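Take a look at the letters that make up each chain.
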Amino acid sequence: MLFLSIKQLLAKKKQSALTLLGITLGAAAYVVISCMMLGFQSFIIDQLISNDAHVRVSAREEQTTIAEMQPILFPEEPLVHWITPPSGRRDSATIEYPQGWFERMEQDPRVLAYSPQLKVQAIARRAKISIAVSLIGSDVLRQTQVTKIESDMVAGKFRDIGSSGNRIVVGDGLMNRLGARKDETILISIGKGEPTPVRVVGVFHLGIKALDDTTIFAALADVQKINQTPSRISDIAIKLVDVSAAGAVADAWQSLSRESVKSWDQANEGFLSVFKTQDIIRNAMTLTILVVAGFGIYNILSMAVASRRREIAILRSIGYEPRDIVTLFLSQGVLLGTLGGILGLILGYALARWVGTISVSKDRLLGSGTMMMSYAPVIFVKAFLLAFCSSTFAGWLPARAAGRMTPIDIIRTEGS
């Protein structure tokens, strides 16, 4: 049966070659596009995970409502008409009982490390230049366990901050905006009292422009002193053993506390939704190519069935069953899909490797010198299955029609 299938495909070499080319290009296109998109997505996700906490506990945020404020302001009035109803958000600047969280972190086996932080909005000044920044006070040793900030240092060491002493590390983008240099002193002001002079002991590059242009790290004690809130923290950055469990852990902890608890993917939900759109576009493009190739297979086999009606009649007459006829023509679609899928994987991998060597602007792709590519095995498995399944389905339709033919029907048709 396999021999007959190959012989019939070779009888129409040009049509078979064009159809095979369509399947090959479809599979190759899926591989290249997937490698590019998934490579970019993996890089962004790695940056989000590595540069921030897997789970973050923050001071609570509450919305002001009429039901909440009416009993407080008018406890004896059954009905009050609000000309301007209460609205807005009531934030707590600090976590109320951080020690309870610390104990929970120490006892939970899912937690790998945690770092208490105090985040405040500040103004960094050098000479006549003033820039709004995010000042993050943290425990230096714990912060290096939660994020990879130490490996992102381009000048100095993160641990040079120490436990106090008004020393800071600054994003390289912010350094350029301030026109400052390492070991230089700048002023930090948060609107309370006089500006505080601090010394730049290090420069980091996270690869995310929004952070590199606005972020300053300092010792937790120094930020608490500058903010005039001793022993207060606003966040706890947590690193888990299994990052994929971050969402479930955050949901479980949220039900136990009034603080805001969010996983990295929940905090970046809007951003990550872009990746879903990319996946839809990628799959739609590839399916379109493969559908066109599938029509080619359908056309070839339909013509083969029509031109070989006498052969089908002879095969049925000498004892071939309908399922044997279906197998004969279906195997041609399977052969085209299998061969096209394999060739597509080879071509796609070669093209993806070549694209991965293309140099691009570092600013465009967040610090990477070349195109970021992913070569995950699932890409190649999906590409082959798409090619194989579309070809098999396209071959099944005419194969089923051929299997329904009987010798007497063919003779009557030929006779007319």
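Heads up: the structure comes first, above all this text.
Source: prediction; values computed, not measured.

Colleague: What exactly am I supposed to notice about a nonpolar patch on the surface here?
Modeller: A surface patch of nonpolar side chains, about 430 Å² in accessible area, is lined by L18, L21, L25, L347 and L351. Those elements that place two or more of their residues in the nonpolar patch are helix 2 (13-51) and helix 13 (322-355). Top contributing element to the nonpolar patch by residue count: helix 2, with three residues. As for its position among the elements, L25 is in helix 2. A residue is classified by how much of its surface remains accessible, and L25, at 44% relative accessible area, is partly exposed.

Colleague: It is not clear to me how helix 9 (residues 246-254) should be interpreted in this structure. Could you clarify?
Modeller: Three- or four-residue spacings in an α-helix give side chains the same orientation, since the helix completes a turn every 3.6 residues. All of the buried residues in helix 9 are A246, G247, V249, A250 and W253. When helix 9 is viewed along its axis, its buried side chains cluster within an angular range of 165 degrees and face the same direction. In this fold, the buried residues of helix 9 make contact with strand 1 (55-58), helix 4 (98-107), strand 4 (111-126), strand 11 (235-240), strand 12 (260-263) and helix 10 (264-267).

Colleague: Looking at this structure, how should I read the packing of aromatic side chains?
Modeller: The description of an aromatic ring pair rests on the distance of the ring centres and on the angle between the ring planes. Tallied over the entire structure, the rule returns seven aromatic pairs. Seen from their ring centres, F204 and F217 are 5.7 Å apart, and the 70 degrees between their planes marks the pair as edge-to-face. Highlighted residues: F204 in strand 9 (residues 196-204) and F217 in strand 10 (residues 215-219), separated in sequence by 13 residues. Using a relative accessible area of 0% as the deciding quantity, one classes F204 as buried. An aromatic cluster is defined as three or more aromatic residues linked by ring pairs; in this entry it consists of F158, F204 and F217. The cationic tip of R142 hangs over the ring face of Y114; the distance from NZ or CZ to the ring centre is 4.4 Å.

Colleague: Sorry, what's going on with the nonpolar core here?
Modeller: Looking at soluble globular proteins, one finds that nonpolar side chains tend to be buried together. The biggest cluster of nonpolar side chains holds 49 residues, and the ones touching the most others in it are L135, I186, I216, I236, I238 and W253. In terms of residues, this core owes the most to one element, strand 4, which gives six residues. Each residue touching I216, except ones within four places of it in the same chain, is listed here: A124, V133, S134, L135, I136, I168, V169, V170, L174 and I188.

Colleague: Where do I start with unusual backbone geometry in this structure?
Modeller: Only a minority of non-glycine residues have a phi that is not negative, and only a minority of peptide bonds are not trans. Of note in this structure, A127 is not a glycine but carries a positive phi near 55 degrees. Mapping A127 onto the fold places it in the loop between strand 4 and strand 5 (129-138). The phi angle at Q228 is positive, at roughly 60 degrees, despite the residue not being glycine. When you line up the elements, Q228 lands in the loop between helix 8 (220-226) and strand 11.

Colleague: Looking at this structure, I do not really get the environment of I168. What am I missing?
Modeller: Mapped onto the fold, I168 is located in strand 7 (residues 167-171). For I168 and T185, which are 17 residues apart along the polypeptide, the C-alpha to C-alpha distance reads 9.7 Å. Filtering out sequence-adjacent residues up to four positions away, I168 remains in contact with I161, I186, V198, R199, V200, V201, G202, I216, F217 and A218.

Colleague: It is not clear to me how the environment of I33 should be interpreted in this structure. Could you clarify?
Modeller: Along the chain, the position of I33 falls in helix 2. With 252 residues separating them along the chain, I33 and M285 place their C-alpha atoms 9.4 Å apart. Each residue touching I33, except ones within four places of it in the same chain, is listed here: R282 and M285.

Colleague: In this structure, what is going on with the pairing of strand 1? I would like to understand it.
Modeller: Every other side chain in a regular strand lies on the same face of the sheet, so the side chains alternate between the two faces. By the alternation rule, side chains of strand 1 split into V55 and V57 and R56 and S58, which are all buried. Pairing between strand 1 and strand 11: four bridges, direction antiparallel. Counterpart to R56 in the pairing with strand 11 is A237. Here four bridges tie strand 1 to strand 12, and the two strands are oriented antiparallel to one another. In the strand pairing of strand 12, V57 is matched with V261.

Conventions we followed
Residues numbered from 1 in each chain as written. Predicted model: local features only at pLDDT ≥ 70, side-chain atom pairs only at ≥ 80, totals over all residues. Heavy atoms only, no water. Patch = residues over 30% accessible without salt bridge, like charges linked within 9 Å, V, L, I, M, F, W, Y side chains within 5 Å. Areas by Shrake-Rupley, 256 points an atom, 1.4 Å probe, with all protein chains shown as cover. Salt bridge = Lys/Arg side-chain N within 4 Å of Asp/Glu carboxyl O. Helix = DSSP H or I, 4+ residues; strand = E, 2+ residues; numbered from the N terminus. Buried < 20%, exposed > 50% of the residue type's maximum accessible area, 1.4 Å probe, protein only. Arc of directions from axis to C-beta. Contact = heavy atoms within 4.5 Å. Phe/Tyr/Trp six-rings, centres within 6.5 Å; stacked < 30°, edge-to-face > 60°. Lys NZ or Arg CZ within 6 Å of the ring centre and 35° of its normal. Core = buried A, V, L, I, M, F, W, Y, C linked by side-chain atoms within 4.5 Å. Pairing = 2+ DSSP bridges.

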